[in-house]
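Examination of the molecular architecture
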Amino acid sequence: MRVLGRRRRVNTPSHALIAAALRRAAPGRQIPLSAVLWGSVAPDIPLFLLVAGGGVYYCGVLGWTLQRALDRMLGTLYVQDPFWLAARSTLHAPLVIGAVLAVALTAGRERAWGRWLAWCAAALFLHAVLDILTHVSDGPLLLFPLDRHLRFHSVVSYWDPRYHGRLFSALELALDVVLTVYLALGCRFRRASTPPAARA
């Protein structure tokens, strides 16, 4: 799903592609793919669940049109409701991500789960940084949960045409295509270099 409401759109696939491409560019580090992928998409999962649940309630139970439901969810609840704010902010918050990384590096430094969690936190941080840099007034809260107001106001929005959103969308689509080809070629070359006996 690329479009939510009249203006906001989802760029979660781009986060996953960027994280996976960076992982492929550093093969010697043996970074767990599952950690990178989960970390790159996890910050957006709460919003997906809220929108899906809200769609069932507003459209299925109350009988609203989809557009009215999306306007309510992404125009009002997205920016004003404390529960929605907490759900969508937690895994975008640098302080929370830092706490996750601290746990991974202290309690789990020598354990497989600790290494997995550390790389997951790194992908969470990358996602948050990209969102911070591509939102004008609706980006991640920088000091959540200690502060529910402070945001970085970028000059670029990944979705708002008033702040180069159309150009950014075109560039993002081009980047997605390039990264998809890069990753696909990597899989093909890796499979071609694997002995037939190892594939069985």
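First things first, this report covers the structure right here in the doc.

For the protein, the helix and strand inventory stands at 9 helices and 0 strands. Secondary structure elements of the protein occur, N-terminal to C-terminal, as α-α-α-α-α-α-α-α-α. Here the protein holds 200 residues, and 38% of them are scored as buried. For the protein, the proportion of contacts with a sequence separation of at least 24, taken over those separated by at least 6, is 54%. For the protein, the accessible area works out to roughly 11600 Å², and carbon and sulfur atoms hold 68% of it.

Once that is clear, we can look at the packing of helix 1 (residues 12-25) against helix 2 (residues 33-41). Packed helices, taken two at a time, are described by the angle between their axes plus the distance between the axes. Where helix 1 contacts helix 2, the axes come no closer than 8 Å and their chain directions differ by 150°. Of the possible angle classes, the one that applies to helix 1 and helix 2 is roughly antiparallel. As for the relative orientation of helix 1 and helix 2, their crossing is right-handed in sense. Contacts from Thr12, His15, Ala16, Ala19, Ala20 and Arg23 of helix 1 reach helix 2 at Leu33, Val36, Leu37, Ser40 and Val41. Grouping the constituent residues of the contact of helix 1 with helix 2 by class yields 7 nonpolar, 3 polar and 1 charged.

Here we come to helix 7 (residues 112-133). With 22 residues, helix 7 should cover 32 Å at 1.5 Å per step; its first-to-last C-alpha distance of 32 Å lies within 8% of that length. Looking only at helix 7, the buried set comprises Gly114, Ala118, Cys120, Ala121, Ala123, Leu124, His127, Ala128, Asp131 and Ile132. For helix 7, the secondary structure elements touched by its buried residues are helix 1, helix 2 and helix 6 (94-106).

For the rest of this paragraph, the subject is unusual backbone geometry. In the segment running from phenylalanine 144 into proline 145, the intervening peptide bond is cis, with an omega of 10°. Within the fold, proline 145 resides in the loop between helix 7 and helix 8 (165-193). Backbone geometry at histidine 164 places phi at a positive 65°, although glycine is not the residue there. By the element assignment, histidine 164 lies in the loop between helix 7 and helix 8.

Right, let's talk about the layout of surface pockets for a bit. What the second largest pocket holds in volume is close to 170 Å³. If you go around the second largest pocket, the residues you meet are Asn11, Ser14, His15, Ile18, Leu130, Asp131, Thr134, Phe168, Leu171, Glu172 and Leu175. Contributions of two or more residues to the lining of the second largest pocket are made by helix 1, helix 7 and helix 8. It is helix 8 that provides the largest number of residues to the lining of the second largest pocket, a total of 4 residues. Split by residue class, the lining of the second largest pocket holds 5 nonpolar, 4 polar and 2 charged.

On the secondary structure map, threonine 134 appears in the loop between helix 7 and helix 8. Sequence-distant contacts of threonine 134, that is, excluding residues within four places in its chain, are made with Ser154, Val156, Ser157, Tyr158 and Phe168.

Attention now goes to the environment of tyrosine 158. Mapped onto the elements, tyrosine 158 comes out in the loop between helix 7 and helix 8. For tyrosine 158, a relative accessible area of 8% puts it in the buried group. Each C-alpha atom, one on tyrosine 158 and one on leucine 133, is 9.1 Å from the other, the two residues being 25 residues apart in sequence.

Bringing a nonpolar patch on the surface into the picture now. Together, Leu95, Leu143, Leu146 and Leu150 give the surface a local cluster of nonpolar side chains, amounting to about 380 Å² of exposed area. With respect to the helices and strands, leucine 143 occurs in the loop between helix 7 and helix 8. Judged by its relative accessible area of 35%, leucine 143 falls in the partly exposed class.

This paragraph deals with the packing of aromatic side chains. Tallying each qualifying case throughout the model produces 2 aromatic pairs. The interplanar angle of 70° and the centroid separation of 5.1 Å between the aromatic rings of tyrosine 57 and tyrosine 58 together place this pair among those described as edge-to-face. Note on tyrosine 57: relative accessible area 42%, which makes it partly exposed. Using a relative accessible area of 10% as the deciding quantity, one classes tyrosine 58 as buried. Measuring from ring centre to ring centre gives 4.6 Å for tyrosine 58 and tryptophan 64, while their planes differ by 25°; the resulting arrangement is stacked. The same class applies to tyrosine 58 and to tryptophan 64, which are both buried. Ring-pair connections join several aromatic residues into one group, and the members of that group are Tyr57, Tyr58 and Trp64. Its end group placed over the ring of tyrosine 182, arginine 24 keeps NZ or CZ at 4.0 Å from the ring centre. The ring of tryptophan 64 carries the charged tip of arginine 68 above its face, separated from the ring centre by 3.8 Å.

Here is what the cut-offs are and how they apply
- Residues numbered from 1 in each chain as written.
- Predicted model: local features only at pLDDT ≥ 70, side-chain atom pairs only at ≥ 80, totals over all residues.
- Heavy atoms only, no water.
- Helix = DSSP H or I, 4+ residues; strand = E, 2+ residues; numbered from the N terminus.
- Buried < 20%, exposed > 50% of the residue type's maximum accessible area, 1.4 Å probe, protein only.
- Contact = heavy atoms within 4.5 Å.
- Areas by Shrake-Rupley, 256 points an atom, 1.4 Å probe, with all protein chains shown as cover.
- Axes fitted to C-alpha atoms, helices over the stretch in contact; angles between N-to-C directions.
- Parallel < 35°, antiparallel > 145°, perpendicular 65-115°, else oblique.
- Left-handed = near helix turned anticlockwise from the far one by under 90°.
- Nonpolar A, V, L, I, M, F, W, Y, C, P; charged D, E, K, R; others polar.
- Expected span 1.5 Å × (residues − 1).
- 1 Å grid on protein atoms, 1.4 Å probe; cavity = no way out; pocket = protein on both sides within 12 Å on 5 of 7 lines; lining within 4 Å.
- Points joined across faces, edges and corners; volume = space filled by probe spheres on them.
- Patch = residues over 30% accessible without salt bridge, like charges linked within 9 Å, V, L, I, M, F, W, Y side chains within 5 Å.
- Salt bridge = Lys/Arg side-chain N within 4 Å of Asp/Glu carboxyl O.
- Phe/Tyr/Trp six-rings, centres within 6.5 Å; stacked < 30°, edge-to-face > 60°.
- Lys NZ or Arg CZ within 6 Å of the ring centre and 35° of its normal.

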